[in-house]
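Breakdown of the fold
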There are 2 protein chains.
Amino acid sequence: MTDEADDIAATAREAADAARAETLPRFRTRDLGADNKLEGGFDPVTEADRAAERAIRAVLARRRPDDAIVGEEYGPTPGRSGLTWVLDPVDGTRAFISGIPSWGTLIGVTGADGMPIHGLVDQPWTGERFEGGRGPARLTSPRGETPLGVRGTTALADATLMTTFPELGGPGEAEAFRRVSARARLTRYGLDCYAYALLAAGHVDLVIESGLQAYDIVAPMAVILAAGGIVTAWDGGPAQGGGRVIAAATPELHRAAMELLA
Amino acid sequence: MTDEADDIAATAREAADAARAETLPRFRTRDLGADNKLEGGFDPVTEADRAAERAIRAVLARRRPDDAIVGEEYGPTPGRSGLTWVLDPVDGTRAFISGIPSWGTLIGVTGADGMPIHGLVDQPWTGERFEGGRGPARLTSPRGETPLGVRGTTALADATLMTTFPELGGPGEAEAFRRVSARARLTRYGLDCYAYALLAAGHVDLVIESGLQAYDIVAPMAVILAAGGIVTAWDGGPAQGGGRVIAAATPELHRAAMELLA
């Protein structure tokens, strides 16, 4: 890696450490003070989300003042380097307030062309940190450090499929998802960003979601690409802007799922 | 606790340790050798399931030779003490083979009247062990030991609801579940026995499932009862035989959910 790539990776790690210090002490405490962001529904945000994003931004302001930032809680901050940090301080706030350790801190970086060049998915409670950029992808955890790599499943009939919500977006999207699910060996639900991490680590084969924002996908996408997988929109277009996203372990699975989603 | 209750609790712990030695080294390994138990579907069982149940049975044969056993993998073994050990060596085999740490080893004990008198839910990878019997319920983990207790949510509009499968049993059951889900603040999916553990620990408020076997519910039920919660069938009848089960943090939530399920 270049010095620049090293600095980006080190900055992401320092920012994730700073976010952990805000999220972990609040996880599984009884009064999380969840506020609702969605009129007529429930889209929770907690002080953990806000404090973690502030902590990440403080690290970036010191180490990478010329880079732009897009964060879920505090919006866009312009830059002049061409690089943009794309942040979701707590992806899976619903899991966070339910005591479920599938939430994570997402820290991604895009280049001038908008493509993800580095990503970090951090699960503070299990201590797992999934990283990927121009070099190899790796998982560091209390169990040690291991390389990440997707597994080689090529047939849908052998594939494990994941999605966060059982009801994806509109009726057409749900129907499309069910067409893939009906052909997969196994479908599992509800894991937020942890599903992408499991794909990069070779435990599951496909993740299909819709309604994503850029901050939901840039970091996981960088990790999965570095682990040898594929991430696109359902129609094969770019995924880094969010929307309808398919992540696959192999080109064969990606093609088979895309055909059923179309 | 009496000496007998102490011995039951200590035996359950020793059996869970023995099961951990079989499950944990196999978790997240690449070739799990999952066999399919279900013609026309996918109901996986692995060597981890079988080896863990054998390990538990070996402990029981030595320490509790007069007690009966019912296990998922090796069926019933008669006894003459009136006590029955009810075992699911790996509850959540689908999660196990997908790298998701929501599976668990369930070790329950019923008395002569069939009521659960002791239960243990063990998640070896996170190191969490949830226990409950005639004394207080507790969680032991690498983070220390803490008492378990349900939280005091009384209104469905404030409740977090969990279920393992998004599509419960038949269409009527799914429709009944959706009536509750539509009124709950938040619904989360896919956590197997870990959902019951989160209820006992006060992080979620309701778990609703169907199609359960006795070995799926006896151990979690004992933990939840000891933590102050309620576990019945959807119609308010006994839950320890499995079938359609509702677990609730408070009588108010239990009643509200039962009315919508009816």
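Calculation notes
- Residues numbered from 1 in each chain as written.
- Chains lettered and ligands numbered in written order.
- Predicted model: local features only at pLDDT ≥ 70, side-chain atom pairs only at ≥ 80, totals over all residues.
- Heavy atoms only, no water.
- Domains from an automatic or database assignment.
- Contact = heavy atoms within 4.5 Å.
- Buried area = accessible area lost by both parts, 1.4 Å probe.
- Salt bridge = Lys/Arg side-chain N within 4 Å of Asp/Glu carboxyl O.
- Polar contact = N/O pair within 3.5 Å; in protein donor to acceptor, adjacent residues only side chain to side chain.
- Helix = DSSP H or I, 4+ residues; strand = E, 2+ residues; numbered from the N terminus.
- Nonpolar A, V, L, I, M, F, W, Y, C, P; charged D, E, K, R; others polar.
- Phe/Tyr/Trp six-rings, centres within 6.5 Å; stacked < 30°, edge-to-face > 60°.
- Buried < 20%, exposed > 50% of the residue type's maximum accessible area, 1.4 Å probe, protein only.
- Lys NZ or Arg CZ within 6 Å of the ring centre and 35° of its normal.
- Axes fitted to C-alpha atoms, helices over the stretch in contact; angles between N-to-C directions.
- Parallel < 35°, antiparallel > 145°, perpendicular 65-115°, else oblique.
- Left-handed = near helix turned anticlockwise from the far one by under 90°.
- Least-squares fit on C-alpha atoms with pLDDT ≥ 70 in both.
- Expected span 1.5 Å × (residues − 1).
- Arc of directions from axis to C-beta.

1. Description of the domain arrangement of chain A
Often, the extent of an interface is quoted as the loss of accessible area on bringing the components together. All names here are of chain A. By domain assignment, chain A separates into domain 1 (3–147) and domain 2 (156–261). Distance between the C-alpha centres of domain 1 and domain 2: 20 Å. Contacts between the two partners involve 31 residues from domain 1, matched on the other side by 21 residues from domain 2. For the domain 1 and domain 2 pair, buried surface summed over both sides reaches about 1900 Å², with 74% attributable to carbon and sulfur atoms. Its largest share of buried area at the contact with domain 2, domain 1 owes to Ser102, Pro116 and Phe130, together 26% of the area lost on that side. At the boundary of domain 1 and domain 2, one finds 0 salt bridges. At the boundary of domain 1 and domain 2, one finds 3 residue pairs in polar contact (both at pLDDT 80 or more). Broken down by secondary-structure element, the contributors of at least two residues to the side of domain 1 that touches domain 2 are strand E5 (84–91), helix H3 (93–97), strand E6 (104–110), strand E7 (116–123) and strand E8 (128–132). Among the residues making up the side of domain 1 that touches domain 2, the classes are represented as 13 nonpolar, 12 polar and 6 charged.

2. Topic: the packing of aromatic side chains
Within the structure shown, the criterion is met by 11 aromatic pairs over all chains. Note on Phe27 of chain B and Trp103 of chain B: the rings are 5.4 Å apart at their centroids and 55° apart in plane angle, and the pair reads as tilted. Taken together, the residues span a long stretch of sequence, with Phe27 of chain B in the loop between helix H1 (3–23) and strand E1 (35–36) and Trp103 of chain B in the loop between helix H3 (93–96) and strand E6 (104–110) at a distance of 76 residues. For Phe27 of chain B, a relative accessible area of 6% translates into the label buried. Classification of Trp103 of chain B by relative accessible area gives buried; the value is 0%. Ring-pair connections join several aromatic residues into one group, and the members of that group are Phe27, Phe96, Trp103 and Trp125 of chain A. The ring of Trp125 of chain B carries Arg28 of chain B above its face, with NZ or CZ at 4.4 Å from the centroid.

3. Description of the packing of helix H1 (residues 3–23) of chain A against helix H2 (residues 47–63) of chain A
Residues and elements named next belong to chain A. At a minimum axis separation of 8 Å, H1 and H2 run at an interaxial angle of 150°. Classified by the angle between their axes, H1 and H2 sit roughly antiparallel to one another. The chirality of how H1 crosses H2 is right-handed. Here Asp7, Ala10, Thr11, Glu14, Ala15, Ala18, Ala19, Glu22 and Thr23 of H1 lie close against H2, whose contacting residues are Ala48, Ala51, Ala52, Ala55, Ile56, Val59, Leu60, Arg62 and Arg63. For the contact of H1 with H2, the residue count by class is 11 nonpolar, 2 polar and 5 charged.

4. Focus: the relation of the copies chain A and chain B
You can overlay chain A on chain B at an RMSD of 0.0 Å; the transform is a turn of 180° with a shift of 0.0 Å along its axis. In symmetry terms, the pair is related by a two-fold rotation axis.

5. A look at helix H4 (residues 171–183) of chain A
All names here are of chain A. An ideal rise of 1.5 Å per residue puts 18 Å on 13 residues; H4 measures up with 19 Å between its terminal C-alpha atoms. Of the residues making up H4, those classed as buried are Glu173, Ala174, Ala176, Phe177, Val180 and Ser181. What you see down the axis of H4 is that its buried residues fit within an arc of 160°, all on one side. Away from its buried face, by an angle of more than 90 degrees, H4 presents the exposed residues Pro171, Gly172, Ala182 and Arg183.

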